[in-house]
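# Coordinates in review
Listed here are the chains, written in short residue letters.
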Amino acid sequence: NARTYGKLIAAAACSGQTSSAEKWLARLLKIQQADESCYGAVLDACAKAGDPIRAEAWLARISSIELAPDNAAFTSVAQGYTAQGDEEAATAWLQAAGMTGSEVSSGLLVQSAAQAGDAILAVERLKHMEEAGLANTVVPYTSVICAFAATAHAADASHWLQRMTTRRLTPDAASYTAVMSAAARSGDQAGAARWLTEMLKASLSPGIAGYTI
């Protein structure tokens with residue numbers, strides 16, 4: 001069923017098996033339309049594999065079938081270009097996610113640290129953004145949350161989502177999904193379920209892939 005395919009897509013994407021994630025998405029599409037979370041998982045896998053052009057192609061496909069890509073999709077493409085050292089392209093995609101010029105330049109520093117697996121440096125750079133009044137979107141916060149999720153530091157991931165809300169920023173689906181992932185990776189399935197409940201209370205859809213974390 002769709003949830004089974006969503007689980008396979010998410011698992012392949014999380015383990016960096018881009019071709020496998022694309023294969024399972026293709027099989028799902030033969031049965032029914034996929035939602036944004038499945039496309040997003042494949043897109044993110046392409047970007048993390050250092051293939052932002054392939055990620056762009058998936059983003060274009062999301063738009064072509066009248067699904068609404070969220071900021072996380074644009075940010076994933078930007079991360080792919082950041083990994084290649086193409087800051088001009090990364091900047092353009094972060095601007096598409098709603099960040100201003102100053103926010104973009106600072107956000108790229110947060111993003112690069114998070115992508116390198118250095119959550120502590122990402123936090124330090126985000127704090128500098130806050131002090132300078134530049135932390136005005138969910139994008140850098142989600143980068144930090146994802147960095148902690150990657151290392152299964154669930155408490156830290158939760159802290160930064162809560163900090164986002166205290167600054168009157170509204171977490172998006174990607175933010176909640178990252179916190180859910182952190183809880184699941186740390187073995188706290190109950191915690192992941194609680195965050196899923198909070199996500200649903202916020203009228204956000206985890207999509208097929210989100211239910212399979």
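Residues numbered from 1 in each chain as written. Predicted model: local features only at pLDDT ≥ 70, side-chain atom pairs only at ≥ 80, totals over all residues. Heavy atoms only, no water.

## Here's the deal with the overall build of the chain
Counting its regular elements, the chain contains 13 helices and zero strands. Taken from N to C terminus, the helices and strands of the chain fall in the order α-α-α-α-α-α-α-α-α-α-α-α-α. For 213 residues, the compact-globule estimate of 2.2 N^0.38 gives 17 Å, and the chain sits close to it at 16 Å. Across its three principal directions, the C-alpha atoms of the chain cover 50 × 40 × 25 Å. A separation threshold of at least 6 residues defines the contact pool for the chain, and within that pool the share at least 24 residues apart is 55%. Computed over 16 positive and 20 negative side-chain charges, the separation of the two mean positions in the chain equals 9 Å. (Helix = DSSP H or I, 4+ residues; strand = E, 2+ residues; numbered from the N terminus. Rg over C-alpha atoms; globule rule 2.2 N^0.38 Å. Contact = heavy atoms within 4.5 Å. Lys, Arg positive; Asp, Glu negative; His and termini not counted. Charge placed at Lys NZ, Arg CZ, Asp CG, Glu CD.)

## Some thoughts on the packing of helix α8 (residues 119–131) against helix α9 (residues 139–150)
Their axes nearest at 9 Å, the elements α8 and α9 cross at an angle of 160 degrees. Between α8 and α9, the angle is such that the two are roughly antiparallel. For α8 against α9, the interelement crossing comes out left-handed. Within the contact between the two elements, α8 uses Ala119, Ala122, Val123, Leu126, Met129 and Glu130 and α9 uses Pro140, Tyr141, Val144, Ala147 and Phe148. Its residues assigned to classes, the contact of α8 with α9 comprises 10 nonpolar, no polar and one charged. (Axes fitted to C-alpha atoms, helices over the stretch in contact; angles between N-to-C directions. Parallel < 35°, antiparallel > 145°, perpendicular 65-115°, else oblique. Left-handed = near helix turned anticlockwise from the far one by under 90°. Nonpolar A, V, L, I, M, F, W, Y, C, P; charged D, E, K, R; others polar.)

## Section: the confidence of the model for the chain
Mean pLDDT over the chain works out to 88, with 97% of the residues at or above the 70 mark. Mean pLDDT across the elements of the chain bottoms out in helix α13 (residues 207–210) (66) and peaks in helix α10 (residues 154–166) (96). (pLDDT = per-residue confidence, 0-100.)

## Thoughts on the pattern of salt bridges
Under the definition given, this model contains seven salt bridges. Salt-bridge contacts for Lys201 lead to Glu198; the nearest nitrogen and oxygen are separated by 3.7 Å. With a gap of three residues between them, Lys201 and Glu198 both fall in helix α12 (residues 189–201), about one helical turn apart. Using a relative accessible area of 35% as the deciding quantity, one classes Glu198 as partly exposed. One network of salt bridges, with partners in common, ties together Glu22, Asp51 and Arg54. (Salt bridge = Lys/Arg side-chain N within 4 Å of Asp/Glu carboxyl O. Buried < 20%, exposed > 50% of the residue type's maximum accessible area, 1.4 Å probe, protein only.)

## Some thoughts on helix α11 (residues 173–185)
With 13 residues, α11 extends 18 Å between its outermost C-alpha atoms, agreeing within 8% with the 18 Å of an ideal straight helix rising 1.5 Å per residue. In terms of burial, α11 is largely enclosed, as 11 of its 13 residues are buried. Of the residues making up α11, those classed as buried are Ala173, Ala174, Ser175, Tyr176, Ala178, Val179, Met180, Ser181, Ala182, Ala183 and Ala184. Of the residues that open α11, the one with a side-chain oxygen 3.2 Å from the backbone nitrogen of Ala174 is Asp172. Positive backbone phi, approximately 90 degrees, marks Gly187, located one or two places after α11. (Expected span 1.5 Å × (residues − 1). Polar contact = N/O pair within 3.5 Å; in protein donor to acceptor, adjacent residues only side chain to side chain.)

## Focus: the nonpolar core
By size, the foremost hydrophobic cluster in this structure holds 37 residues, and its most contacted members are Ile9, Leu25, Leu28 and Leu43. Elements represented by at least two residues in this core include exactly α1 (2–14), α2 (18–31), α3 (36–48), α4 (52–64), α5 (71–84), α6 (87–96) and α7 (101–115). The element contributing the most residues to this core is α3, with eight residues. Beyond its immediate chain neighbours, meaning those up to four positions away, Leu43 contacts Ala55, Trp58, Leu59, Ile62, Ala73, Ser76 and Val77. Among the nonpolar cores identified, the runner-up in size contains 31 residues, and Ala113, Val144, Leu169 and Ala178 belong to it. (Core = buried A, V, L, I, M, F, W, Y, C linked by side-chain atoms within 4.5 Å.)

## Here we look at the environment of Ala26
Along the chain, the position of Ala26 falls in helix α2. Judged by relative accessible area, which is 38%, Ala26 ranks as partly exposed. Sequence separation of Ala26 and Ile9 is 17 residues, and the distance between their C-alpha atoms is 9.9 Å.

## Section: the side chain of Asp172
By the element assignment, Asp172 lies in the loop between α10 and α11. Leaving out residues up to four positions away in the same chain, Asp172 has contacts with Asn71, Val138, Thr142 and Leu204.

## Remarks on the packing of aromatic side chains
Applying the stated rule across the entire model yields five aromatic pairs. Geometrically, the ring pair formed by Tyr176 and Trp195 is tilted, given 6.2 Å between the ring centres and 50 degrees between the ring planes. Of this pair, Tyr176 sits in helix α11 while Trp195 is found in helix α12, placing the two residues 19 residues apart along the sequence. For the pair Tyr176 and Trp195, a shared accessibility class is recorded, and that class is buried. Just above the ring of Trp24 sits the side chain of Arg27; from NZ or CZ to the centre is 4.8 Å. (Phe/Tyr/Trp six-rings, centres within 6.5 Å; stacked < 30°, edge-to-face > 60°. Lys NZ or Arg CZ within 6 Å of the ring centre and 35° of its normal.)

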